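A closer look at the structure
So the chains spell out like this:
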Amino acid sequence: MGCMLRSDLMTFCDIFIQPETAFEIVAHFGEMGCAQFVDMTPDVKAFQRNYVTEVCRCAEMERKLLYMESEMLKDNIEIVMYDSLKPAALPLNELSALENIIDKWESDVIDMSENQTTLLKNYLELTEMNYVLNNIGPMLGESEMTEEAIFGKTAAGDTGLQGRLFVISGVVKRSRSFPFEMMMWRVSHGNIYYRLASQDTILQDPVTGQDIRKVAFLAIFQGEQLSARLEKVCSGFHVNMYTCPQSYNDRMDMMIQLGTRIGDLEQVMSKTKYYRCKALRTVSKQWDTWMVQIKKSKAVYHTMNMFTLDITRKCLIGQCWVPDTDLQKVEDMLARITEKEGSNVESFILKSDDADEPPTYHRTNKFTKGFQALINAYGDSTYRELNPGLYTIVTFPFLFSVMFGDVCHGIILLSFAGWMVWVEKDHMDKRSRNEIWNIFFGGELKRSAGCAPLILILFIDMVLLSTSKPVEEDCDAYMFSNQERFQRLLVIIGVICVPILLFGTPVYLNKANKKKKAEALKKVSQFRRYQRRESDNKRVEDKILKEVAKYSVPFGELMIHQAVHTIEFVLSTISHTASYLRLWALSLAHEQLSEMLWVMVFAKLGLREYSMTGGVKIFLIFAVWAVFSLSILVVMEGLSAFLHTLRLHWVEFMSKFYSGTGYPFKPFSFKAILSGEGKDDKSEAMCKKKVAN
């Protein structure tokens, strides 16, 4: 098994798979999650790869399922999830059958959705028209909208009235009603009769399904030119205009007809929605299974595109990183599938030496995963580098508790942590978007501890090699016997380490470089001696020459580099050690805030009340005090202590020995892909580009 102290040993392997068993073998790799595949042909374009058609078909089916998911969300239809049972990936023959099923359901849903949208548009027009008649009609009363009825026969026959009378009625968004009215007045220069309805109405957008507040308006004016200009204004404000009958009787007849049509349309819409929801509920029962199968199949084909096809050997050749402890499981899996499929040629895996720096892989469990995540946020460790995550399991909760420094508040945090453990199964497979919740839920220890107020003085006395004095006569300045001698020993050891740090590394590197340079030069001479053709691999020679240049660093350059590093290290050690005084400072601040809230809020305002209403007052003040205590002392101070603990690990502790310049081991894993951690959009982008062309 792996150890958190150093990353797992990794092996770079060449894998040879027969085409007839390739899909099932790669699918088993996805279930096992123990191999990180390397792209064998990085220079080949995505659309030129062997399984690009299969990848695009899966991406298209995934798009259709996402469309049906959006339609289910519109009608609040819950998708049935199967977390305990995850189906396997589908090979090409079974994938084609599923593709036909999804195409049929998508076509049915699209037809029903378009039909429903059309009905909603008709319903919107009818309801808007009915609203206009019901609210514009009372403005007109029983009069007719003619020149004679409005201006009288004499005025209508007067030559001073130029142009015939125009009437515009409709609905406008309430939020745009005032700008619309101002624009109508400006365009008409005030020669307009404009009124808004006294009541608004809320209508539903047929496309988005969102509610829209609108208001009816009536505009009466004269002149064809003015009518054309005002219609453009209405078009610019996206106003729906409806023609209102001129006579009172015609308006009443239209209102009756609209009521009948609206009632009939509501019945048709109800049946249409019923059949649409019935179809979507049927899809919802299989949606999760289909999506998992398609995502797994797409991931398998995408991984197979990283392989090369050897035509002469009739096999797929790939390269991957595998942890040493999982090699036997991979070999057993290959042998088992070969025997199961009855293949004439066996698929196998071989170790290879032609590899770059291996990836870093630390095996964790539910408890250690949270602490390792804190380290990885700083930087992934280099391969086989000393991992601070193991020490963090102990030091992180200890330093946090020192700065938090309150037993009762610690019990609150411990209770919250216990609740998270209690509901662990419900939240383990549900990834939250809240980053703080993910960090807390990943695992946190809590211990309550006190903080000695003499840390600052003790540290100063230690550096000055002087004896610390107790604060009071009955107190002891030291925590254990012979502490003063031990502190002086540590200071002496620290001083001795400075010349060792300055000269030890250059001397060791210079000696080691000479030996490695001689070995590299020997490789160069052997390579050139036995190279008989000009077409021999030039890359091997360049690699050896780079190795020679790497170990040809002069001793003076090593000394200069180490001198700068030593100065920086000594200065940072002093400043970083002093930075640990924040343990005392934050603990003191937490104590003072806690005391201030108790004295200034609860004790001063509540405990000094002796009247008949004192009980009620104490009850109310206790609620205020409890809210402040939880929000400030527990939550805010807890986050503050958490961040300072993180800094003490990242900057003060890990910077002394931890480089964090590696890259993580990211195996091909269905579990990571389904959780959204291993999603790759390159294939989908290629498919979208292909469709666009």
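Now for a description of the structure that goes with this document.

Thresholds, definitions, all that
Residues numbered from 1 in each chain as written. Predicted model: local features only at pLDDT ≥ 70, side-chain atom pairs only at ≥ 80, totals over all residues. Heavy atoms only, no water. Helix = DSSP H or I, 4+ residues; strand = E, 2+ residues; numbered from the N terminus. Buried < 20%, exposed > 50% of the residue type's maximum accessible area, 1.4 Å probe, protein only. Contact = heavy atoms within 4.5 Å. Salt bridge = Lys/Arg side-chain N within 4 Å of Asp/Glu carboxyl O. Pairing = 2+ DSSP bridges. Expected span 1.5 Å × (residues − 1). Arc of directions from axis to C-beta. Phe/Tyr/Trp six-rings, centres within 6.5 Å; stacked < 30°, edge-to-face > 60°. Lys NZ or Arg CZ within 6 Å of the ring centre and 35° of its normal. Axes fitted to C-alpha atoms, helices over the stretch in contact; angles between N-to-C directions. Parallel < 35°, antiparallel > 145°, perpendicular 65-115°, else oblique. Left-handed = near helix turned anticlockwise from the far one by under 90°. Nonpolar A, V, L, I, M, F, W, Y, C, P; charged D, E, K, R; others polar. Core = buried A, V, L, I, M, F, W, Y, C linked by side-chain atoms within 4.5 Å. Polar contact = N/O pair within 3.5 Å; in protein donor to acceptor, adjacent residues only side chain to side chain.

1. What to know about the overall build of the protein
Looking only at helices and strands, the protein has 21 helices and ten strands in total. Looking at the protein as a whole, 38% of its 693 residues qualify as buried. Taking contacts inside the protein between residues at least 6 apart in sequence as the whole, the part at least 24 apart equals 82%.

2. Structural notes on the pattern of salt bridges
One pass over the full model with this rule turns up 20 salt bridges. A salt bridge links arginine 57 to glutamate 99, with the nearest nitrogen and oxygen atoms 2.6 Å apart. Highlighted residues: arginine 57 in helix H2 (residues 52-74) and glutamate 99 in helix H3 (residues 92-140), separated in sequence by 42 residues. Under the relative-accessibility criterion, arginine 57 is labelled partly exposed at 24%. Of the residues examined, glutamate 99 reaches a relative accessible area of 17% and is grouped as buried. Ionic pairing is found between lysine 64 and glutamate 106, a salt bridge with its closest N-O pair at 3.9 Å. Linking lysine 64 in helix H2 with glutamate 106 in helix H3, this pair joins segments that are 42 residues apart in sequence. A relative accessible area of 10% means that glutamate 106 is categorised as buried.

3. Some points on the pairing of strand E6 (residues 211-222)
Where burial is concerned, most of E6 is hidden: nine out of the twelve residues are buried. Pairing geometry for strand E3 (residues 165-173) and E6, over nine bridges, is antiparallel. Each residue of the ladder has a partner; that of phenylalanine 166, found in E6, is phenylalanine 221. Strand direction decides the pairing type here: strand E4 (residues 193-196) and E6, joined by four bridges, are antiparallel. Paired with arginine 195 across the two strands is leucine 218, which belongs to E6. Sheet topology note: the strand E5 (residues 201-204)/E6 ladder contains four bridges and is antiparallel. What sits directly across from threonine 201, in E6, is lysine 214.

4. With respect to helix H5 (residues 177-188)
Its twelve residues give H5 an end-to-end C-alpha distance of 17 Å, which sits within 8% of 16 Å, the value for a rise of 1.5 Å per residue. Buried residues of H5: Ser177, Phe180, Met184, Val187 and Ser188, and no others. Along the long axis of H5, the arc covered by the buried residues comes to 95 degrees, so they all point the same way. Looking at H5, the residues exposed on the side facing more than 90 degrees away from the buried face are Phe178 and Arg186. Looking at the packing, one finds that the buried side of H5 touches E3, E4, E6 and helix H6 (224-236). Once H5 ends, the next one or two residues include histidine 189, with phi positive near 55 degrees.

5. So, the packing of aromatic side chains
According to the stated counting rule, one finds 28 aromatic pairs in the structure shown. Aromatic pair phenylalanine 400 and phenylalanine 404: ring centres 5.5 Å apart, planes at 10 degrees, arrangement stacked. Taken as a pair, phenylalanine 400 and phenylalanine 404 lie in helix H10 (residues 389-404) at a separation of four residues, close to a single helical turn. In terms of burial, phenylalanine 400 and phenylalanine 404 fall into one category: buried. Each residue in the set Phe29, Phe37, Phe307, Phe668 and Phe670 is aromatic and connected to the rest through ring pairs, giving one cluster. Here the basic side chain of lysine 104 rests over the ring of tryptophan 105, its NZ or CZ set 5.1 Å away from the ring centre.

6. Quick look at the packing of H5 against H6
Between two packed helices, both the angle of their axes relative to each other and the distance between the axes serve to describe the pair. Between H5 and H6, the least distance of the axes is 10 Å, while the angle of their chain directions is 160 degrees. Compared by their axis directions, H5 and H6 come out roughly antiparallel. The hand of the H5/H6 crossing is right-handed. Residue-level inspection shows Phe180, Met183, Met184, Val187 and Ser188 of H5 in contact with H6, the latter providing Leu226, Arg229, Leu230, Val233 and Cys234. Here the residues of the contact of H5 with H6 sort into eight nonpolar, one polar and one charged.

7. Describing the packing of helix H9 (residues 368-378) against H10
Viewed as axis vectors pointing N to C, H9 and H10 meet at an angle of 100 degrees, and their least axial separation amounts to 9 Å. Taken together, the axes of H9 and H10 are roughly perpendicular relative to one another. Judged by residue contacts, Thr368, Phe371, Gln372, Leu374 and Ile375 of H9 engage Gly389, Thr392, Ile393, Phe396 and Pro397 from H10. Per-class residue counts for the contact of H9 with H10 are six nonpolar, four polar and no charged.

8. Focus on the nonpolar core
Judged by nonpolar contacts, the single largest core of 54 residues is most densely connected at Phe29, Val300, Met304 and Phe668. Among the elements that line this core, the one with the most residues is helix H7 (residues 248-304), at twelve residues. In this view, methionine 304 contacts Ala22, Phe23, Val26, Tyr51 and Leu316; residues no more than four positions away in its chain are not counted.

9. A word on the side chain of glutamine 293
Examined against the element boundaries, glutamine 293 turns out to sit in helix H7. Leave out the neighbours within four places in its chain, and glutamine 293 touches Pro87, Ala88, Ala89, Leu90 and Leu98.

10. Structural notes on the environment of serine 96
Structurally, serine 96 is set in helix H3. On the basis of relative accessible area, serine 96 is assigned to the partly exposed category, the value being 24%.

11. Here we look at the environment of lysine 296
Locating lysine 296 in the fold gives a position in helix H7. For lysine 296, a relative accessible area of 2% corresponds to the buried category. When the C-alpha atoms of lysine 296 and glutamate 31 are compared, they prove to be 9.5 Å apart, with 265 residues separating the residues in sequence. Non-local contacts of lysine 296, meaning those with residues more than four positions away in its chain, are made with Glu31, Lys86, Pro87, Ala88, Ala89, Phe670 and Leu674. A polar atom in the side chain of lysine 296 sits 2.6 Å from the backbone oxygen of proline 87.

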